[in-house]
Amino acid sequence: MVDTARQIQVVAVCTGEAAPLKVSDRAVLSAFRKTVRQGQVAVGALGLSGDEQADLSVHGGISKAVYVYPSEHLPGWAKARIENSLEVPDQGLPPGFMGENLLISGLLESEVWVGDTLRLPGCVLRVTEPRQPCYKFNAVMGYARAAKDMVQHSSSGFYCSVVEAGVVAAGDAIVVEPGQRGLSISDAFSAKKLKHLR
């Protein structure tokens, strides 16, 4: 359950354009790399203004319009990259590094459920499913076990649909309104993980 005394807020708003991403010895189209947007960013039924998706079979669309990621995971990812002999900026991993649209604080995967509503000052989102890591995630992270680490630590982040279009900005407070509470994002991620292992 979410600690109602704890503040949940947007740390950064990020968007990206589809561009070539080097994966082993080939280049694939990806909009994984995101940059921080300043001020208010428009949010519509298909996501944030200026954000693109290269493969709509796995990202984007009505049910996966906005990708939300907890900032609490970033220090762990920075440590993992250092352990794999990769450079990390002195200030840690920057917002947008995980491919997220909204970097948030105060809400982890075990505390949010499929069907929960996230009410922000300028828009309303609904939690739909966890993010599934793929080979592109390994390429961006820079080491081959990155997707497995995401599974092991249940640090997937989650997708949202847009219930009420509007705007979003860094610093926006988020109020979680419980849905039916049948399946947490952590449990949904574990279920998908087990399905893939069969």
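You'll find the structure just up there.
Here is what the cut-offs are and how they apply
Residues numbered from 1 in each chain as written. Predicted model: local features only at pLDDT ≥ 70, side-chain atom pairs only at ≥ 80, totals over all residues. Heavy atoms only, no water. Buried < 20%, exposed > 50% of the residue type's maximum accessible area, 1.4 Å probe, protein only. Helix = DSSP H or I, 4+ residues; strand = E, 2+ residues; numbered from the N terminus. Arc of directions from axis to C-beta. Contact = heavy atoms within 4.5 Å. Salt bridge = Lys/Arg side-chain N within 4 Å of Asp/Glu carboxyl O.

Student: I'm lost on helix 1 (residues 74-83) in this one. Help?
Tutor: In an α-helix, one full turn covers 3.6 residues, which means residues spaced three or four apart are oriented alike. Turning to helix 1, its buried residues are Leu74, Trp77, Ala78, Ala80 and Arg81. Angularly, the buried residues of helix 1 cover 160° about the axis, an arc narrow enough to put them on a single face. Across helix 1 from its buried face, at more than 90 degrees, point the exposed residues Pro75, Lys79, Ile82 and Glu83. Tucked inside the fold, the buried residues of helix 1 contact strand 7 (66-70), strand 8 (102-105), helix 2 (135-141) and helix 3 (146-153). Immediately beyond the C-terminal end of helix 1, within one or two residues, lies Ser85, with a positive phi of roughly 60°.

Student: What is the right way to read the pattern of salt bridges from this model?
Tutor: Two side chains carrying opposite charge are able to pair once their charged atoms lie near each other. Under the defined criterion, the tally for this structure stands at four salt bridges. For Asp51, the salt bridge is made with Lys34, and the minimal N-O distance between the two is 2.7 Å. Residue Asp51 is found in the loop between strand 6 (47-48) and strand 7, and its partner Lys34 is found in the loop between strand 3 (26-30) and strand 4 (35-37); the two are separated by 17 residues along the sequence. By relative accessible area, Asp51 is classed as buried at 13%.

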